[in-house]
Amino acid sequence: MSAQLKEANRRATQAMANAVGTSAIIIGAVELVPVCILVWSPEDTRLAPSFIFPALFLMAAGYVLRFAKGDKSAGYMLERRDAAACMLAVWLAAIVAYALPFVLAHELDPVQAVFEATSGLTTTGLSVMDPDECPRMLLLHRSLMHYLGGVGLVLVLTCMVSRSGGLGMYNVEGHVDRLLPGTARTARTILAIYSGIIALGAVAYRILGMSAFDAINTSISAVSTGGFSTHVESIAYFDSRPVEAVSAVLMLAGATNFLLLFLLLRGKVESFAHHIETRVLFGVVAVASVAIAAILVASGCCTDAADALWTAFFQTVSAITSTGFQIVPSFAALPSGILLVLVSLMLAGSMAGSTSGGIKLYRIAVSFSGLLWSLQERYGTKHRIYGRKINRFGKRVVCTETEVREAATFAATYILVFAIGSFAFALCGASFQEAVFDFASCLGNAGIGVGFLGAGSGPVELGIGAFGMLLGRLEIVMAFIGLAALLERVKRRVAHGR
Amino acid sequence: MDVDLKLLGRNLAVLAVLYLAGMAAVFGFSVLGVSTLVAFPVFVLGILVASLESDSGFWGALLGLCYLLSYDLLFTAPLYQLKVLNRNDVAALVIFFLVVLIMNTVSQRMRRQVFIAQRNELAMGRLNKLSASLIDTTSSEAACQCAQAFLVRVLDRDVRIRLGDPGADAGQAARDCYERNYPTGFGEVGYRGCAKRYLPLGAKGEVCGVVEIDCAESGLDEASSSFLSSVLAQTMIAIERNDLEEEHRAKRIKAEGEKFKTLLLQSVSHDLRTPLTSIAGNADVLLKDARIAPETRRELLGAIHEDALWLNDMVENLLSMSRVQDEDIALEKTPEIVDEVIGTAVGKMERRRGGHRLRVELPEDILLVPMDGGLVSRVLINLIDNAIRHSSPTSTIDVSARKDGPQVLFSVADDGGGLGPGDPACVFSRFYAGDRADGGRKGMGLGLSICKAIVEAHGGTIRAFNNEQGGATFEFALPLEGGCDDEGG
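Residues numbered from 1 in each chain as written. Chains lettered and ligands numbered in written order. Predicted model: local features only at pLDDT ≥ 70, side-chain atom pairs only at ≥ 80, totals over all residues. Heavy atoms only, no water.

In this section: helix 18 (residues 432-443) of chain A. All names here are of chain A. Here helix 18 contains 12 residues, and its C-alpha end-to-end distance of 16 Å stays within 8% of the 16 Å for a straight helix at 1.5 Å per residue. Within helix 18, burial applies to Ala435, Val436, Phe437, Asp438, Phe439, Ala440, Ser441, Cys442 and Leu443. Contacts from the buried residues of helix 18 go to helix 15 (336-348), helix 17 (401-427) and helix 19 (459-473). With its phi angle positive at about 55 degrees, Asn445 sits one or two positions after the end of helix 18. (Helix = DSSP H or I, 4+ residues; strand = E, 2+ residues; numbered from the N terminus. Expected span 1.5 Å × (residues − 1). Buried < 20%, exposed > 50% of the residue type's maximum accessible area, 1.4 Å probe, protein only. Contact = heavy atoms within 4.5 Å.)

The following block contains the structure:
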């Protein structure tokens, strides 16, 4: 290796160590937040050490990493591969550190804890815990994971550290829209919008009669489109239409692109309404609600049509925003037609640049438009020129061939991973319905399930589920690029004997 | 101010995080039932990190104090009071306080050393770069320029390096510095109010210049001063080396010049004698015998005339040579029309062409070329003369000029004989006279070398080759552009 390459490599390593170390410190510090609940519920004191020590350990490890590799990386922009590796490392570190409190508090075994932490951080919402039995500190911990994971770990980090390689990592995590000049400012604006909506939601819930603790946790869970609930019956526990309505609004807000929310805040309603994803989102919600309601009525599960429509609407929103709240007692008992619709909704997800999971409606819209254009080109009249424009944020933009191809490739990859994961579940003994539904739920970070994954599942299923969630949250490709880069670095280290 | 606020914010953030982490750890230990004395190593760790990450020891001490007070208030009996009852705790607190002080000092010293090491590394890198660029310089002025630009960039202030006596108008401080060989100006006793610092530039007790450093905004710190002195030492070495090289070069040129003069004298005296003898002889005959037939008389006068013309030509050439050779005199280039230059040369040679045919081919456009017209027409005259003398007696000589890209190509071609064997380039060397003596008058071999010198002085090129008509072609190119301030000698 030439000296120059070596130097570049050294700088990249330094920048990576710095970025990961700084992230670890911040993630560790945030993990201390649930301890504050002691002010209101001192009975959880015995749990405090299980938060404090993992957090401190992570901070110390992060500091040592930073310190050992020097701090001369200011202004160094990470390459995409390295940035992906850093991002993956940050997510893995966060998962491990946030899983430890469950283990140390003797609530879960290690695999279950990792599953729970992954579910929380990826805002999936599948749980192996019984929230009604769970200490409040752990419930707050779960919500905190949703809060961080919903908007993206790296985004939260970027808010606090405007330099140090965060820039490269920021884009790799899937934040591509620029609200304001400067990454840190954009990140702060997004975080402010996000937190603001959560605060509004909490206030609304409190007015509707929830306890303050429930209100805060449910609001975080709804806006981050996570799905952890403080009660085992989820939203059905509150048995209140207004609560459900507020939840639906919060979920839709969370599933809306932050740039669109920003435009909406600035009063640009037209841009919001004409944006392609808005139309697709609300169109799909309307169609799916009606379809599900029809099946509900037809199969005799529901006698009252209005009731059926409301249930159908709520569950549609919950699935397409990848939240996972439920007001039906169990999904397993529903007709399989509904399950099929829900699976499609979970795989589709909502807008790009929001907190939701799935393929993202933007990609779906683009690939469908691409399909349409190619059909028009092939079979349409030759005497017409077809427009190739789509509406993005109120502006009609030409959609390039590359964009269409990228979107289609992503969708195909996603479906492929979905097929493989469902197959893996089936190998673990799941029925076809369970395998497809629960893996779609994992990969789409949705969090509704027909009962295959739960407190009674074995470690293999939970492992596959957690892996699926992480893949879905990191949008598959970046996760693999990061993994490859990380392994390569480790291998080089081992080969050099250092 | 902005930077200060940022730094302060960072320090406070570090402190807050460390304080919270430390207190959380102690709280965790107390919940687990571990002795609270474990807290002290934790605090020590916190303070170590604080003094490493903040910019002064103050923050470490502050953190220690905060830890101490909080610990005393929250974890020692009696709770929530500053009193300490337990002797163990008192001892621990005192020891802790001492450890904090010592560690703070040690880690600050470590920080400073790391800082110095990094700075030295940076300075070394810069010095290496400077010496690399100093090696590329060829004169002492260039070396000074190079070092000056470097210092301006690195020290981020105005620096001037002046070689030689600063002169009377440079100010008392600069003169003092040059005359007495010690630093003057800003920061020295007796130079109050002077915003510039002057350092002598020299070695072995001799001063060869003054370095002027602008200190109006801030003085030089210790590191900059030592860095400056190493830069100046490097510069001095480069200046001395360049001076020596220059001296050497001058000597070599002088020796060459001497050699050339001797050769020229020998050759000239030898070659001048032949036509002079002939003139003297012919004149003698004409003087002594008044009864010479008119035809013979005319013949003799013609011979004298021809010899005189030849001599005149030769002297002209010598003068041209001295003009081109003299490096001190720049060529006076003015835009000349190519047609006129060729016309002058051909007009002069028309009388001497004898049985040769002269054919002129002029460019279609009017071409203006910056040149010394006299010298370039001399080149053409020499080339045509060369063709007349060295080609068969009835050959045709073509003189032409045309535009060729950014230059104008002149060519003189004949169709009789061509160049002899051997390198065509050596026809341009001094005192080379062709082998093909045709019984006519032999030249000194100066003509073509003068052509080469003149063309090259104009920034052009000249070459000779055998053409397809079986003769020799001489071709030279002069640049169309190139201003009038091109190299003069």
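So, on to the pairing of strand 2 (residues 395-398) of chain A. Residue and element names in this part refer to chain A. Bridge count for strand 1 (residues 389-392) against strand 2 is four bridges, and the pairing is antiparallel. Counterpart to Asn391 in the pairing with strand 2 is Arg396. Between strand 1 and strand 2, which pair antiparallel in sequence order, lie two residues; one of them, Phe393, sits at a positive phi of approximately 50 degrees. (Pairing = 2+ DSSP bridges.)

This part covers the pattern of salt bridges. Per the stated rule, a full pass over the model turns up 17 salt bridges over all chains. Note that Arg66 of chain A and Glu53 of chain B form a salt bridge whose closest N and O atoms lie 3.8 Å from each other. Within this pair, whereas Arg66 of chain A is found in helix 2 (residues 48-68), its partner Glu53 of chain B is found in helix 2 (residues 39-53), the two belonging to separate chains. In this structure Glu53 of chain B comes out as buried when scored by relative accessible area, which is 18%. Salt-bridge contacts for Glu53 of chain B lead to Arg10 of chain B; the nearest nitrogen and oxygen are separated by 2.8 Å. Here the residue Glu53 of chain B occupies a position in helix 2, and Arg10 of chain B occupies one in helix 1 (residues 2-32), the gap between them amounting to 43 residues. (Salt bridge = Lys/Arg side-chain N within 4 Å of Asp/Glu carboxyl O.)

A separate point is the environment of Met145 of chain A. Residue and element names in this part refer to chain A. If you trace the backbone, Met145 turns up in helix 5 (residues 136-151). Sequence separation of Met145 and Phe228 is 83 residues, and the distance between their C-alpha atoms is 9.9 Å. When sequence neighbours within four positions are dropped, the list of residues in contact with Met145 reads Tyr98, Phe102, Glu116, Ala117, Gly120, Leu121, Gly150 and Phe228.

Residue and element names in this part refer to chain A. Between the first and last C-alpha of helix 15 there are 18 Å, a value that for 13 residues agrees with the 18 Å anticipated at 1.5 Å per step. Three or more residues of helix 15 are buried, namely Ile338, Leu339, Leu342, Val343, Leu345, Met346, Leu347 and Ala348. Turning to helix 15, the residues buried within the fold contact helix 13 (276-299), helix 14 (305-320), helix 16 (361-379), helix 17 and helix 18. Phi for Gly349, located one or two positions after helix 15, is positive at around 70 degrees.

Below, the discussion takes up the side chain of His141 of chain A. Residue and element names in this part refer to chain A. Structurally, His141 is set in helix 5. For His141, a relative accessible area of 0% corresponds to the buried category. Filtering out sequence-adjacent residues up to four positions away, His141 remains in contact with Glu31, Pro34, Phe51, Tyr98, Pro101 and Phe102.

A separate point is the confidence of the model for chain B. Residue and element names in this part refer to chain B. Of all residues in chain B, 92% have pLDDT values of 70 or greater, and the mean over the chain is 80. When the criterion is pLDDT under 50, residues 435-441 qualifies, and its contacts beyond four places in sequence or with other chains add up to 11 contacts. This model gives residues 483-489 a pLDDT under 50, and the stretch forms nine contacts once residues within four places in sequence are excluded. (pLDDT = per-residue confidence, 0-100.)

Listed per partner, the contact involves 15 residues of chain A and 14 residues of chain B. With both chains or domains summed, chain A and chain B bury close to 1100 Å², and 81% of this area falls on carbon and sulfur atoms. Viewed at the interface, chain B and chain A are joined by one salt bridge. Class assignment for the residues of the side of chain A that touches chain B results in 11 nonpolar, one polar and three charged. (Buried area = accessible area lost by both parts, 1.4 Å probe. Nonpolar A, V, L, I, M, F, W, Y, C, P; charged D, E, K, R; others polar.)

The next point concerns the packing of aromatic side chains. Both the distance between ring centres and the angle between the ring planes are used here to describe each pair of aromatic rings. Tallied over the entire structure, the rule returns 18 aromatic pairs over all chains. Pairing Trp310 of chain A with Phe313 of chain A gives two aromatic rings, centres 5.6 Å apart and planes at 45 degrees, and the pair type is tilted. Of this pair, Trp310 of chain A and Phe313 of chain A are both found in helix 14, three residues apart, which corresponds to roughly one turn of the helix. An aromatic cluster is built from Tyr19, Phe40, Phe43, Tyr67 and Tyr71 of chain B, whose rings are joined through pairwise contacts. The ring centre of Phe213 of chain A lies 4.4 Å from the NZ or CZ of Arg136 of chain A, which sits over that ring. (Phe/Tyr/Trp six-rings, centres within 6.5 Å; stacked < 30°, edge-to-face > 60°. Lys NZ or Arg CZ within 6 Å of the ring centre and 35° of its normal.)

Below, the discussion takes up the sheet that holds strand 10 (residues 461-466) of chain B. Residue and element names in this part refer to chain B. The five strands are arranged 6-8-9-11-10 in an open sheet whose pairing can be described as mixed. Looking at strand neighbours, the two that pair on one side only are strand 6 (357-361) and strand 10, the edges of this open sheet. Between one strand axis and the next, the sheet turns by 15 degrees as a mean value, whatever way the strands run. For strand 6 and strand 8 (residues 396-404), the ladder comprises five bridges, and the chain directions are parallel. Looking across to strand 8, one finds that Glu361 is bridged to Ser400. Its contacts with the sheet put helix 9 (residues 338-350) on strand 6, strand 8 and strand 9 (407-414), and the angle it makes with strand 6 is roughly 175 degrees. (Axes fitted to C-alpha atoms, helices over the stretch in contact; angles between N-to-C directions.)

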